[in-house]
Amino acid sequence: MSLFEMSERAQQYQSDLLDFMDSHVYPAEAVYETQMAEAGNPHFQPPILEELKAEARSRGLWNLFHPHPEWGPGLTNLEYAPLAEIMGRCPHLAPEATNCAAPDTGNMEVFTLFGSDEHKEKYLKPLLEGTIRSAFAMTEPQVASSDATNVQLSMVRDGDHYVLNGRKWFASNALHQNCKVMIVMGKTDPDAATHRQQSMMVVPIDAPGVTIMRGLTVMGYQDREGHAEIDFKDVRVPAKDVLKGEGEGFAIAQARLGPGRIHHCMRAIGMAERALELLCKRAQSRVAFGRPIADNANIRDWIAEARIEIEMIRLLTLKTAYLMDTVGNKAAQVEIAAIKVAAPNIALTIVDRAMQVHGAGGLTEDFPLAGFWAHLRTLRLADGPDEVHKRAIARQELRKYREGAR
């Protein structure tokens, strides 16, 4: 048995998911675009998505991400990774259709691990049912949020409550019409040790004092779930809604982001695979200067490089998932950082070249490529920019060669 050979159960999920994509998701793309255009509202929940959700659930393709058997199928990171890749081929439909969309996936794991019984009943169960959505509010406009210790939103204890004041932005999902709750990271004790100053709290999106200021565009796109700038003014949060305990925000963030990065990277590989497929088909069907574009040496070079790079980053991501499953997230921190840098960059290059082969069409919404490009370019910043991950990798490498280390 090879290191990354999947269980029969995991292989069956892959087969079932591929069939769902072919029979329902890809055919729904044009319907989705039509319904969104007719609605004239970028945050409209199109009926086709609800139909896809019902179909996915009837097929048992629901909450596939959740590693805890009590709440989901209990797949390992390694078993789930290929499923995330398949979903990444249609990132605006497939993840939500199977209730595997970020940031809900991370939030559901946080509620599972650190939420109270009340949180599980009020928020986790409806999230697992797909009847509500959630947001994660961590990034702030006034500070370099790539350093999580910079978080400034204040959380001041007042009796049995905390009072929240500050501003967040890029709170993804906050404009989704079904969004009901946020997990918010802020500073409870500025005088504590650096990584003990932050806490995470559960805040209803309609809590008094919470004001959604605007939806932010991403490379000109207004994503359906929205990326909100949110003002918190004297928002009172019961102390019982602090997750895990005061000062545990940074630890929760680290627990949340590890699996999320596997999901992001495998979805990026899915986008790269689909972009390569579209590139090959377009290059063979279009003729320029008397011959198919595919006959040009540079195009064949791009195709070969794409296949090599996809295989390399897939193997590194699967290795990372395997290490997380077997030795834990901390032991896999270099690999987690590496895939977060490599996967979006490799996928971005492949998508860019596919756009070039498509000519002007590649810039339009007639093909998914421009949307892929915007998403992947964003991913180089989301969950930590490239530079932060490279910094972490370099520190680990240098540590090996410090005096006395060997």
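Per an unreviewed UniProt entry, the recorded name for the protein is Acyl-CoA dehydrogenase, and the organism is Mycolicibacter arupensis. According to the UniProt record, the Catalytic activity (unreviewed entry) comment for the protein is "a 2,3-saturated acyl-CoA + A = a 2,3-dehydroacyl-CoA + AH2". Taken verbatim from the UniProt record of the protein, the Cofactor (unreviewed entry) comment is "FAD".

Caption draft 1: Summary view of the overall build of the protein. Each helix and strand in the protein was counted, giving eleven helices and nine strands. On C-alpha atoms alone, the protein measures out to a radius of gyration of 22 Å, which is about the 22 Å that the 2.2 N^0.38 rule sets for 406 residues. Here the C-alpha coordinates of the protein stretch approximately 75 × 65 × 45 Å along the principal axes. Going through the 406 residues of the protein one by one, you find that 50% of them count as buried. Considering only residue pairs separated by 6 or more positions, the protein has 73% of its internal contacts joining residues 24 or more positions apart. When the accessible surface of the protein is split by element, carbon and sulfur atoms take 52% of a total near 18300 Å².

Caption draft 2: Main features of the pairing of strand β1 (residues 133–137). The buried fraction of β1 is high, at five of five residues. With burial as the criterion, each face of β1 is covered, one bearing R133, A135 and A137 and the other bearing S134 and F136. The pairing of β1 with strand β4 (residues 179–187) spans five bridges and is parallel. Looking at the pairing, F136 lines up with I183 of β4.

Caption draft 3: Main features of the packing of helix α7 (residues 249–285) against helix α9 (residues 333–358). Where α7 meets α9, the axes come as close as 8 Å, and the angle between the chain directions of the two elements is 20°. Put simply, α7 runs roughly parallel to α9. Note that α7 runs across α9; the crossing there is left-handed. Here the residues of the contact of α7 with α9 sort into 18 nonpolar, two polar and four charged.

Caption draft 4: Main features of the environment of C90. Relative to the helices and strands, C90 resides in the loop between α3 (77–88) and α4 (94–97). The exposure class assigned to C90 is buried, which follows from its relative accessible area of 0%. Residues C90 and M271 lie 181 residues apart in sequence; the distance between their C-alpha atoms is 7.4 Å. Ignoring anything within four residues of it in the chain, the contact list for C90 reads M21, V25, Y26, E29, P95 and R274.

Caption draft 5: Structural context of the domain arrangement of the protein. For the protein, the domain assignment lists domain 1 (8–115), domain 2 (134–243) and domain 3 (250–400). On a C-alpha basis, the centres of domain 1 and domain 3 stand 20 Å from each other. Facing 26 residues of domain 1, the contacting portion of domain 3 comprises 23 residues. Of all residues in domain 1, N77, E85 and R89 give up the largest surface area on contact with domain 3, accounting jointly for 33% of the area buried on that side. At the junction of domain 1 with domain 3, the criterion picks out three salt bridges. A salt bridge links R274 to E29; the nearest nitrogen and oxygen atoms lie 2.7 Å apart. Taken together, domain 1 and domain 3 are joined by seven residue pairs in polar contact (both at pLDDT 80 or more). Contributions of two or more residues to the side of domain 1 that touches domain 3 are made by α1 (8–39), α3 and α5 (104–114).

Caption draft 6: The UniProt feature "domain: Acyl-CoA dehydrogenase/oxidase N-terminal" (unreviewed entry) in the protein, seen in detail. The UniProt record marks residues 8–130 with the feature "domain: Acyl-CoA dehydrogenase/oxidase N-terminal" (unreviewed entry), using the residue numbering of this structure. Across residues 8–130, helical content stands at 68% and strand content at 0%; the span's end C-alpha atoms are separated by 27 Å.

Caption draft 7: Structural context of the packing of α7 against helix α10 (residues 369–379). Packing of α7 against α10 leaves a shortest axis separation of 11 Å and a crossing angle of 150°. Considered as vectors, α7 and α10 are oriented roughly antiparallel to each other. With respect to the hand of their crossing, α7 and α10 are arranged in left-handed fashion. For the pair α7 and α10, the contacting residues are H264, A268, M271, R274, A275 and L278 in the first and L369, F372, H375, L376 and L379 in the second. Grouping the constituent residues of the contact of α7 with α10 by class yields eight nonpolar, two polar and one charged.

Caption draft 8: Layout of the pairing of strand β2 (residues 154–158). Where β2 lies against strand β3 (residues 161–172), five bridges are found, and the strand directions are antiparallel. Bridge assignment links V156 to a residue of β3, and that residue is V163. Between β2 and β3, which follow one another and run antiparallel, lie two residues, and G159 among them has a positive phi close to 65°.

Caption draft 9: Summary view of α10. The complete set of buried residues in α10 reads L369, A370, F372, A374, L376 and L379. For α10, the secondary structure elements touched by its buried residues are α7 and α9.

Caption draft 10: Structural detail: the packing of aromatic side chains. Counted by the stated rule, this structure contains two aromatic pairs. Measuring from ring centre to ring centre gives 5.9 Å for F111 and Y123, while their planes differ by 20°; the resulting arrangement is stacked. Highlighted residues: F111 in helix α5 and Y123 in helix α6 (residues 117–129), separated in sequence by twelve residues. Residues F111 and Y123 agree in their burial class; the two are buried.

Here is what the cut-offs are and how they apply
Residues numbered from 1 in each chain as written. Predicted model: local features only at pLDDT ≥ 70, side-chain atom pairs only at ≥ 80, totals over all residues. Heavy atoms only, no water. UniProt positions renumbered as here; feature names shortened; annotations may be inferred. Helix = DSSP H or I, 4+ residues; strand = E, 2+ residues; numbered from the N terminus. Rg over C-alpha atoms; globule rule 2.2 N^0.38 Å. Buried < 20%, exposed > 50% of the residue type's maximum accessible area, 1.4 Å probe, protein only. Contact = heavy atoms within 4.5 Å. Areas by Shrake-Rupley, 256 points an atom, 1.4 Å probe, with all protein chains shown as cover. Pairing = 2+ DSSP bridges. Axes fitted to C-alpha atoms, helices over the stretch in contact; angles between N-to-C directions. Parallel < 35°, antiparallel > 145°, perpendicular 65-115°, else oblique. Left-handed = near helix turned anticlockwise from the far one by under 90°. Nonpolar A, V, L, I, M, F, W, Y, C, P; charged D, E, K, R; others polar. Domains from an automatic or database assignment. Buried area = accessible area lost by both parts, 1.4 Å probe. Salt bridge = Lys/Arg side-chain N within 4 Å of Asp/Glu carboxyl O. Polar contact = N/O pair within 3.5 Å; in protein donor to acceptor, adjacent residues only side chain to side chain. Phe/Tyr/Trp six-rings, centres within 6.5 Å; stacked < 30°, edge-to-face > 60°.

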